[in-house]
Structures are given as C-alpha cells and as structure tokens.
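# Summary of the model geometry
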Amino acid sequence: MNFDRFKVIISEEFNLPVKDVKGEIEFRNMEAWSSLHALLFIARINEEEGVMLTSSDLALCTYLEDIYKLIVSK
Amino acid sequence: MALSKSIGIQIKGIINLVPKNSEDNQSLELLSEEERSALIKHTGIRYRRVNPNDSIGVKNYFNVGVDKLLNRLKWEKETIDILICVTQTAKVAIPSISCQIHGDLDFESHVLCYDINSGCSGFVYGLHTVSQLLAGLDKPKARAILCCGDISTSLIDSSDRSVRPIFSDAVSIVGIENTNDDSISGYFHLETMGKGQSAIRTELEESGNSFMRLNGIDVFNYSVSHVPTNIQKLVDFSKKSIDEMDAFVFHQANKLINDSITKKAGLESSKVLSSLYEYGNTASASIPLTIGTAWKDLNEKSRWILISGFGVGFSIASAMISFAPEFVASPEEIEF
C-alpha cells in the first residue's frame, strides 16, 4: 500500500476530503475519530492489506503517518 | 488442542426468554443522529432488551425458563440428573445459581448441580460439559438442563458509548438427553487465549460499582484472527464437509465481526443466522436465542449445524452438532 491509497482509506473512513489528509495530522483529534470509526478502519486495513492492527499498536502512534508506517512495516 | 466428540447426546428443546422492556439504539441519547445510524449499520444492532427491575436477577429468569422447559418437554423433575448454569451475572457469589434453582423448584437430591463462569463462548462450553457428564452417568436416557444467559445490563455504565449500545439481556434454557444411540452427535473444539483477557472485563469503580469495559479493536482482532482457524480445525477433525451444515450460528458479537468471520472462514453467508437487529449481543444465550428466531425456517431441514462462541476470556469454542430437537421456542417476553 502506498501513502496515496492510505489517504483514500482515511478519507473514506473518517469523512475527510483526500486533499486534507496529511501525515502530520494527530488522528485522535480528527472530528470523526471514535471507537466505532477506528474499528471500521482496522477492519478495512485487515481486509484490504491482511494486516491486523492492535490497540497496543495504535497506542504507540500519534500521527497518521505513524499508522501508515506501522501498516507498511507489518 | 481440546478437540472432542460426543456420542448419542441430543438437544431436545430450547426455551428463550427476554425482558419485555427494550431500548432502541435509534433514540439513544448518548449518540448523535449520525452516530446512531452508523452504529446500527455496522453493528447490526437496533434494539436491546433491558431488565428494568434491579431486584430481579438472572436466576429469576432461569427459574421461569426451567419450569417452561419441563412443561413443554413433558419431563418430570425426578427424571433430571444434571442442572448446569452458565452465567457471569449472578447477584450473589454464594450459593451457586444452579443450587438456588434446585432449591427454588424443589428438584430431587440426586441432581448434579454447578455453575460455569463463562460469557460469549458459554453455550458451547456448557453443551460440551453437559455432553461429557451425561455420557459418564451410569444411567440410560440421562437428562440434563443447561441454563445460559446474563443480565448484562446490570454491568453497564449507562454513559459508556462503546458498551451500552451492544449488550442485551436474555436467557436460554436447554433440555439435553443421552439417547443411548452410539452414533457421533457432536464434534467440539474449545480454546483459550488468556493473553486477551483484558479485551472484555469488569472494572471496580471508586463508587463501588463494577462495570463492564470493552476494547473493541482487540475483540475484533482476537475474533477475526482466531475463530476462522478454530472452525477450520474443527471441520478437519470431524472429517465432515462444511457443506453438510444446514446453518452456521455464531455468538452475536456484532455484524462487523460476524461478517468478517464468515468471509475469512469461507462460509456460505445465506446459512449464517443473526438475531442482532432485534436482540443485540445476548452473551451466552446468543446462540440458542438466534436459533429460536429462525427455527420455523430451519425446522424442516436442519440436521447438522455449526455453532461458535467467542469472546470474554478470551475464549473460543466451536462445535458441529447433530440437531433435531422437538422445539426451539422463539424469544418470549417476560415481565416480573
């Protein structure tokens, strides 16, 4: 998965225009971030990339870029 | 690897009970209108049953259900050998609920009674336990009653946006008999991933209340990563074809989890039953209650079904069972 694809997924799951999705966004501050939307995002990454992110993984992340790097590293 | 078989054990009847009182997620004040719609769409849960009376506990529902089961099966109390209760919401720790029911309903002293502390996987664990106990009794046509369920709403913080929209109260009472037929009646695969124990837990608050807390991401991860594998090992062990199953009945966690498991396990989605929309997550009653909602459609054809419970523990239990009971009652509303 490249970063452009990651931005599209973030855009669709958190109702943000793609152009506004930046790596330096603190994802917990996104308006649409909630336990349900986080779960939907995790499920989609699992389905599309075969990568399972855990709550411990997310706890170590601050920015969207951190999540992207984590997905790529897995 | 806890794989096992049961021989000659048959479910004869199932009673399902729910509180008459219900809540609608479409009008849940904790969430915005947009959040409510998203929640219902992705969890599949619209309505939840809520026991309205704190003085009434799971035992009261079990007592009513046991009485109804005995009447409907025309079983005399003296013919019952085993009474097992699966619950995590007993109002008192001592004595066990099964012993309380034994006393309340005046069963005879020869009945074996104990409780199993289990939630989402509890029906399958209870069925496995009862099957092994029945097979070991020195009595032909031995009979058991298995009570499953929780008043989960007694553990819910009404301000918790993750837990409150999901959990619902229900019990199922199951009559099980050793038919003394020597053919295989079930295959079981029971597993535990205790590293995931904190995914669903109760926490004691400073106020003295104990509330259930849920880590949705970890529950999803454990369920989707391990349940399909658990099912595949069960199918391999049974040497049966998955196509021989007339229905697949999962613990009713939520739609997102159950759909993901269905897809990963390669199961035919038209055979997967659900009661989520009407009844939510009904803990250890969820599998028999879900069968009860679909029994009229299954009645003519069902002979083998695959069931799988997973959750609190983290515990996973699946089984393929021969299934031809006399009845499975639709969920009946109860008001005390």
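Refer to the preceding data block for the structure.
Read on for a plain summary of the structure. Note that the structure is predicted; figures quoted are calculated from it, not measured.

The rules behind the values
- Residues numbered from 1 in each chain as written.
- Chains lettered and ligands numbered in written order.
- Predicted model: local features only at pLDDT ≥ 70, side-chain atom pairs only at ≥ 80, totals over all residues.
- Heavy atoms only, no water.
- Helix = DSSP H or I, 4+ residues; strand = E, 2+ residues; numbered from the N terminus.
- Rg over C-alpha atoms; globule rule 2.2 N^0.38 Å.
- Buried < 20%, exposed > 50% of the residue type's maximum accessible area, 1.4 Å probe, protein only.
- Contact = heavy atoms within 4.5 Å.
- Areas by Shrake-Rupley, 256 points an atom, 1.4 Å probe, with all protein chains shown as cover.
- Lys, Arg positive; Asp, Glu negative; His and termini not counted.
- Charge placed at Lys NZ, Arg CZ, Asp CG, Glu CD.
- Patch = residues over 30% accessible without salt bridge, like charges linked within 9 Å, V, L, I, M, F, W, Y side chains within 5 Å.
- Salt bridge = Lys/Arg side-chain N within 4 Å of Asp/Glu carboxyl O.
- Pairing = 2+ DSSP bridges.
- Axes fitted to C-alpha atoms, helices over the stretch in contact; angles between N-to-C directions.
- Core = buried A, V, L, I, M, F, W, Y, C linked by side-chain atoms within 4.5 Å.
- Polar contact = N/O pair within 3.5 Å; in protein donor to acceptor, adjacent residues only side chain to side chain.

## Some points on the overall build of chain A
The number of helices and strands found in chain A is four helices and zero strands. For chain A, the N- to C-terminal ordering of α and β elements is α-α-α-α. Since a compact globule built from 74 residues should have a radius of gyration of about 11 Å, the 11 Å found for chain A is in line with a globular shape. C-alpha atoms of chain A, sized along the principal axes, occupy 25 × 25 × 20 Å. Expressed as a percentage of the 74 residues in chain A, the buried residues total 49%. Across chain A, the fraction of contacts at a sequence separation of at least 24, relative to all contacts at a separation of at least 6, is 62%. In the form shown here, chain A has an accessible surface area of approximately 3900 Å², with 48% of it arising from carbon and sulfur atoms. Treating the 8 positive side-chain charges of chain A as one cloud and the 13 negative ones as another, the clouds have centres 2 Å apart.

## Here's the deal with a negative patch on the surface
The grouping of Glu76, Glu78, Asp106 and Glu108 of chain B at the surface amounts to a negative patch. Within the secondary structure layout, Glu108 of chain B lies in the loop between helix 3 (97-104) and strand 6 (112-116).

## Things to note about the pattern of salt bridges
Residues and elements named next belong to chain A. What the rule picks out here adds up to 25 salt bridges over all chains. Linking Arg44 and Glu12 is a salt bridge whose minimum nitrogen-to-oxygen distance equals 2.7 Å. With Arg44 in helix 2 (residues 35-49) and Glu12 in helix 1 (residues 3-14), this pair connects stretches of sequence that are 32 residues apart. Owing to a relative accessible area of 45%, Glu12 belongs among the partly exposed residues under this scheme.

## Remarks on unusual backbone geometry
Residue and element names in this part refer to chain B. A cis amide bond links Ile94 with the next residue in sequence, Pro95, at an omega value of 0°. Relative to the helices and strands, Pro95 resides in the loop between strand 5 (82-86) and helix 3. Put simply, Gly313 and Phe314 share a cis peptide bond, and its omega is 0°. Structurally, Phe314 is set in the loop between strand 13 (304-311) and strand 14 (315-322). Even without glycine at this site, Asn180 takes up a positive phi of about 65°. Relative to the helices and strands, Asn180 resides in the loop between strand 8 (170-178) and strand 9 (184-192). Residue class for Asn180 comes out partly exposed when judged on its relative accessible area of 43%.

## Overview of the sheet that holds strand 12 (residues 247-250) of chain B
All names here are of chain B. Strand order in the open sheet made by the five strands is 1-9-14-13-12, with mixed pairing throughout. Each end of this open sheet is capped by a strand with a single partner; those strands are strand 1 (2-7) and strand 12. In this sheet, adjacent strand axes meet at a mean angle of 15° when their direction is disregarded. As paired strands, strand 13 and strand 14 are joined by eight bridges and run antiparallel to one another. Directly across from Gly311, in strand 14, lies its bridge partner Ser315. Contacts from helix 4 (residues 122-136) reach strand 1, strand 9, strand 13 and strand 14, with the element oriented near 125° to strand 9. Across the sheet, helix 5 (residues 216-238) lies against strand 1, strand 9, strand 12, strand 13 and strand 14, angled at about 35° from strand 14, the strand it touches most.

## Concerning the environment of Asp182 of chain B
Summarising the element assignment, Asp182 of chain B is placed in the loop between strand 8 and strand 9. In sequence terms Asp182 of chain B and Gly8 of chain B are 174 residues apart; their C-alpha atoms lie 5.5 Å from each other.

## A few points about the nonpolar core
Among the nonpolar cores identified, the biggest contains 67 residues, and Phe41 and Ile67 of chain A together with Phe220 and Phe310 of chain B are the most heavily contacted of them. Beyond its immediate chain neighbours, meaning those up to four positions away, Phe41 of chain A contacts Phe6, Ile9, Ile10, Glu13, Phe14, Leu53, Ile67 and Ile71 of chain A. Of all hydrophobic cores here, the second largest spans 35 residues; its members include Ala144, Leu146, Ala294 and Val328 of chain B.

## Side note on the environment of Glu23 of chain B
Residues and elements named next belong to chain B. Among the secondary structure elements, Glu23 is positioned in strand 3 (residues 22-24). For Glu23, a relative accessible area of 23% gives the class partly exposed. The sequence separation of Glu23 and Pro165 amounts to 142 residues, and the corresponding C-alpha distance is 9.0 Å. Setting aside residues no more than four positions away along its own chain, Glu23 makes contact with Arg46, Tyr47, Arg48, Val50 and Arg164. A distance of 3.4 Å separates polar atoms of two side chains, one belonging to Glu23 and the other to Arg164.

Note that every value here comes from positions in space, so none of it alone points to a role or purpose.
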